[in-house]
Amino acid sequence: MTTHNVLDIALNDILRVVTPLQEDWNIRFAIINDIRSIVESVESLRGATVEPFGSFVSNLFTRWGDLDISIELSNGLHISSAGKKQKQTLLGEVLKALRMKGGGSNLQFIPNARVPILKFRSYRQGVSCDISINNLPGQMKSKILLWMNKIDGRFHDMVLLVKEWAKAHKINNSKAGTFNSYSLSLLVIFHFQTCVPAILPPLKYIYPGNMVDDLKGVRADAENRITETCNASINQHISNKGRSINKKSVRDLFVEFLGKYAQMDSWASNLGICPYTGQWEQIENNTIWLPKTYAIFVEDPFEQPQNTARSVSAGQLKKISEAFSKSYSFFSSNNHNLNSLLTMLAPPHVVKSITGIQNYNGSYFHPTQPKVQRVMRPPPQLQHFQYASPGTSSKSSASNGHMQMPRGTNFSIPSSNGHMQMPRGTNFSIPSSNGYIQMPRGTSFNIPSSYGHMQMPRVTSFNIPPSNGHIQMPRGISISSSSSNGHIQNPRETKKPRETNFNSASSNGHVPVNKGQQMWRPKS
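Just so you know, these numbers come straight off a predicted model, no measurement behind them.

1. Digging into the packing of aromatic side chains
So, point 1. Going through the model one piece at a time under the given rule, you end up with 15 aromatic pairs.
So, point 2. Ring geometry for Trp25 versus Phe61: centroids 4.9 Å apart, planes at 90°, classification edge-to-face. Taken together, the residues span a long stretch of sequence, with Trp25 in helix 2 (residues 22-40) and Phe61 in the loop between helix 3 (55-58) and strand 2 (67-72) at a distance of 36 residues. Neither residue differs from the other here; Trp25 and Phe61 are each classed as buried.
So, point 3. Judged by centre distance (4.9 Å) and plane angle (15°), the ring pair of Trp289 and Phe297 falls under stacked. The two residues Trp289 and Phe297 agree in class, both being buried.
So, point 4. Among the aromatic residues, ring-to-ring pairing joins Trp165, Phe190, Phe257, Tyr261, Trp267, Trp280 and Phe324 into one connected group.

As structure tokens, this is what we get:
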């Protein structure tokens, strides 16, 4: 196995482990509701709303990622403004309410930060939370990063991998003088802008001007203007048939990313990173960056001339540069095994989640960890606020009782033993006007199993109330029972209604059964 193949396996395993599960979305929505309840108990915050932002909204968070919350003060239809002193006072009152209601642990109030912040750890799986006041700019920045995925999905994977790599080398902590997660995301954007051929355009072509300056007046109008501008720009970029397409793998882009910033400490005093223009900028020629001096400049493209890497200290810059340089040299050499690669790529808890079995050789999980489908965005029932990219919508409802899925949808229930288990007394009911379960052509209903059974405990009712007793399926759809004995088994007390027909629409009306197989049905 070549080094490239081994690195591919390691990166894929990291993505599989860190990508959030549905339960991770559920937990964070529950935390938002917890905070909303606490805020409603504070008299001075009456009418305020609780809104998430950051990596949770941009869909760039991991299973162990934190949650950023903004408390938006009530100001009618207009965007609210509050001074730093008022924010400090209000967060102090939220802190008291959190202590009184026992909303979390490790409470930490940082009033003198550029943006005053209240930090705590939720009792719901220990998720770290940061609360600020009136952080509408943070919300809009998060949405734009989400929309960047519409241009190229590799952006999402790269950001997650870079964050895990940075944590492994302890350079993803602004409090310790290294990069924050937003800066790392901008470094990925800049890499995608400056690779050959470029993957992302300069962000001035996505939103010209300073986005934060345009957040004024009626909130809905301001947000709509920004959304429509970004939507039109992104669609125009995607539809440009004349642009060159970069087809490099995430693996190659990741190694090139490390090489691009490997000598950071040698050029950071002269060159600044500017995702707005998509170019390196000479610091001495950029008057809006002066006279302030920083160890490294990573300009915020939506709030110029703010430096998102202002927390990076001169002492830590050398450590950061060494992490890039050492990692680039390591991944450019040959003869690595998966364990050594993983140690260089991810923090210990992620490596442990992957290598939970002996003799790990890629793409394995801990034996007690079930194989579950990971989601790239929250399911429709969890969309309390809009996540969809501009111009898209998600809707899952029907007035006629049908469960509709678009063509090519794969409905898969993976499990450790192939069972779809329901507790006793569960009623699986799909009411409809004609009793059909309708799925368009190409839909696959797949229940993998070691012996092909779909088991339901006693007294389970699988009810399809039809007008004629038929379960109808269009041509080409098959019910397959891959088992060692060919049985389709129904547990005791599962009832088949009288005169129910098992109808398979085929060219000859037959249900083919292989030689030696039995078609089993319960006694009436």
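After that view, the rundown keeps rolling.
2. Considering the side chain of Ser58
So, point 1. Mapping Ser58 onto the fold places it in helix 3.
So, point 2. Under the relative-accessibility criterion, Ser58 is labelled buried at 2%.
So, point 3. Aside from chain neighbours lying at most four places away, what touches Ser58 is Ser142, Leu145, Leu146 and Asn149.

3. Brief notes about the pattern of salt bridges
Two side chains carrying opposite charge are able to pair once their charged atoms lie near each other.
So, point 1. Tallied over the entire structure, the rule returns 17 salt bridges.
So, point 2. One salt bridge connects Arg114 with Glu303, and the closest N-O pair in it is separated by 3.0 Å. In this pair, Arg114 sits in the loop between strand 3 (104-110) and strand 4 (117-122) while Glu303 sits in the loop between strand 7 (279-282) and helix 11 (314-332), placing the two residues 189 residues apart along the sequence.
So, point 3. Accessibility expressed as a relative area gives 18% for Glu303, which makes it buried.
So, point 4. Ionic pairing is found between Asp130 and Lys119, a salt bridge with its closest N-O pair at 2.9 Å. Here the residue Asp130 occupies a position in strand 5 (residues 128-133), and Lys119 occupies one in strand 4, the gap between them amounting to 11 residues. One exposure class covers both Asp130 and Lys119, and it is buried.
So, point 5. What you see here is one network of salt bridges that share partners, running through Arg114, Lys141, Asp300 and Glu303.

4. With respect to unusual backbone geometry
So, point 1. Here the amide bond leading from Val196 into Pro197 is cis, since omega sits at -10°, within 30 degrees of zero.
So, point 2. One non-glycine residue, Asn59, lies in positive phi territory at about 60°.
So, point 3. Looking at where Asn59 falls in the secondary structure, it is placed in the loop between helix 3 and strand 2.
So, point 4. Under the relative-accessibility criterion, Asn59 is labelled buried at 7%.
So, point 5. Of note in this structure, Gln125 is not a glycine but carries a positive phi near 60°.
So, point 6. Its location among the elements puts Gln125 in the loop between strand 4 and strand 5.

Calculation notes
- Residues numbered from 1 in each chain as written.
- Predicted model: local features only at pLDDT ≥ 70, side-chain atom pairs only at ≥ 80, totals over all residues.
- Heavy atoms only, no water.
- Phe/Tyr/Trp six-rings, centres within 6.5 Å; stacked < 30°, edge-to-face > 60°.
- Helix = DSSP H or I, 4+ residues; strand = E, 2+ residues; numbered from the N terminus.
- Buried < 20%, exposed > 50% of the residue type's maximum accessible area, 1.4 Å probe, protein only.
- Contact = heavy atoms within 4.5 Å.
- Salt bridge = Lys/Arg side-chain N within 4 Å of Asp/Glu carboxyl O.

So, to be careful, I would describe these as geometric facts and stop short of saying anything about function.
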